[in-house]
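Descriptive structure summary
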Amino acid sequence: MNLYLRYFDRETLVTSVDDAIAFLAGIDEIGMNAELEKDIRDYVSSDVFYPKRYKIRPRVYFIIIKTDAANMQDFKEKKAVRGHGDDAAVADRVTQSAAFMKLNEEMPGWYEGTIDFKRVLMVPGTGKFQYRDTHFVAQVKANSPADCYNRIVEHLRSRVDERSQFPSVKGKNFKYRFLGAAKS
């Protein structure tokens, strides 16, 4: 793993923590000391992959980023972006993207769509309006899961207050189940 360091317009990509400390020691304003060196070594040896900012004085920082980039050009072009997490997280992202692709997959038939949305209702005693979580289930004849979602939302928009808020088709508040092909 390499380290990218930047302080204003001074930047470098180094292969070791010793090179990083040498780079920072060459910048007088940073004031390298034993405590800062220990903190940098701890950060580099940790499993943390998010960038680390070090405050020099108010509104002045230097930054260290762990990267798999082999050179500065690869780093700048984001060719070696490190994923946050392990193989399970990568597999989860792949599964999510596959699920999003299934939303538009053509499969005409009957769907049971479930949507949880924020419905605007008037409070009888006060005459004021408030959002209420509302659960709605419908069986819809559609061409795809996304079409099922669109038909349900279109139906609801004509029957509830226009300020009601509907979730994204890709979100956790929309679920569907394919019931079977439609008979011609």
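Let us look at the structure shown here. Owing to the predicted nature of the structure, the values given are computational and were not obtained by experimental measurement.

The rules behind each value
Residues numbered from 1 in each chain as written. Predicted model: local features only at pLDDT ≥ 70, side-chain atom pairs only at ≥ 80, totals over all residues. Heavy atoms only, no water. Helix = DSSP H or I, 4+ residues; strand = E, 2+ residues; numbered from the N terminus. Buried < 20%, exposed > 50% of the residue type's maximum accessible area, 1.4 Å probe, protein only. Contact = heavy atoms within 4.5 Å. Phe/Tyr/Trp six-rings, centres within 6.5 Å; stacked < 30°, edge-to-face > 60°. Lys NZ or Arg CZ within 6 Å of the ring centre and 35° of its normal. Salt bridge = Lys/Arg side-chain N within 4 Å of Asp/Glu carboxyl O.

Some thoughts on the overall build of the protein
A count of helical and extended segments in the protein gives five helices and seven strands. Listed by position from the N terminus, the elements making up the protein come as β-β-α-α-β-β-α-α-β-β-α-β. Taking all 184 residues of the protein together, 30% fall into the buried category. Long-range pairs, those at least 24 residues apart, make up 54% of the contacts in the protein with a sequence separation of at least 6.

Looking at the packing of aromatic side chains
In the structure shown here, the tally under the stated rule is eight aromatic pairs. Here Y4 and F75 contribute two aromatic rings whose centre-to-centre distance is 4.2 Å and whose plane-to-plane angle is 20°, an arrangement assigned as stacked. Placement of Y4 in strand β1 (residues 2-7) and of F75 in helix α3 (residues 72-76) is noted, with a sequence separation of 71 residues between them. Taken together, a centroid distance of 6.2 Å and an interplanar angle of 65° make the contact between Y111 and Y176 edge-to-face. Within this pair, whereas Y111 is found in strand β5 (residues 109-122), its partner Y176 is found in strand β7 (residues 174-180), the two being separated by 65 residues in sequence. Each residue in the set Y111, Y149, F174, Y176 and F178 is aromatic and connected to the rest through ring pairs, giving one cluster. Above the face of the Y61 ring, R53 is positioned so that its terminal group lies 4.0 Å from the ring centre. Geometry around F129 places R163 over its ring, the cationic atom sitting 4.4 Å from the centre.

Looking at unusual backbone geometry
For F8, which is not glycine, the phi torsion reads 55° and is therefore positive. Among the secondary structure elements, F8 is positioned in the loop between β1 and β2 (10-14). On the basis of relative accessible area, F8 is assigned to the exposed category, the value being 55%. Unlike most non-glycine residues, R59 shows phi in positive territory, near 65°. As for its placement among the helices and strands, R59 is situated in the loop between β3 (52-57) and β4 (60-67).

Comments concerning the pattern of salt bridges
Summed over all chains, the structure comprises nine salt bridges. The partner of K52 in a salt bridge is D39, with the nearest N and O atoms 3.8 Å apart. A residue pair is termed long-range when its members are at least 10 positions apart, and K52 in strand β3 and D39 in helix α2 (residues 34-45) qualify at 13 residues. Judged by relative accessible area, K52 falls into the partly exposed class, the value being 25%. Residue D39 is classed as partly exposed on the basis of its relative accessible area of 30%. The closest approach of N and O atoms between D133 and K118, which form a salt bridge, is 2.6 Å.

That's the geometry; what it means functionally is another story.
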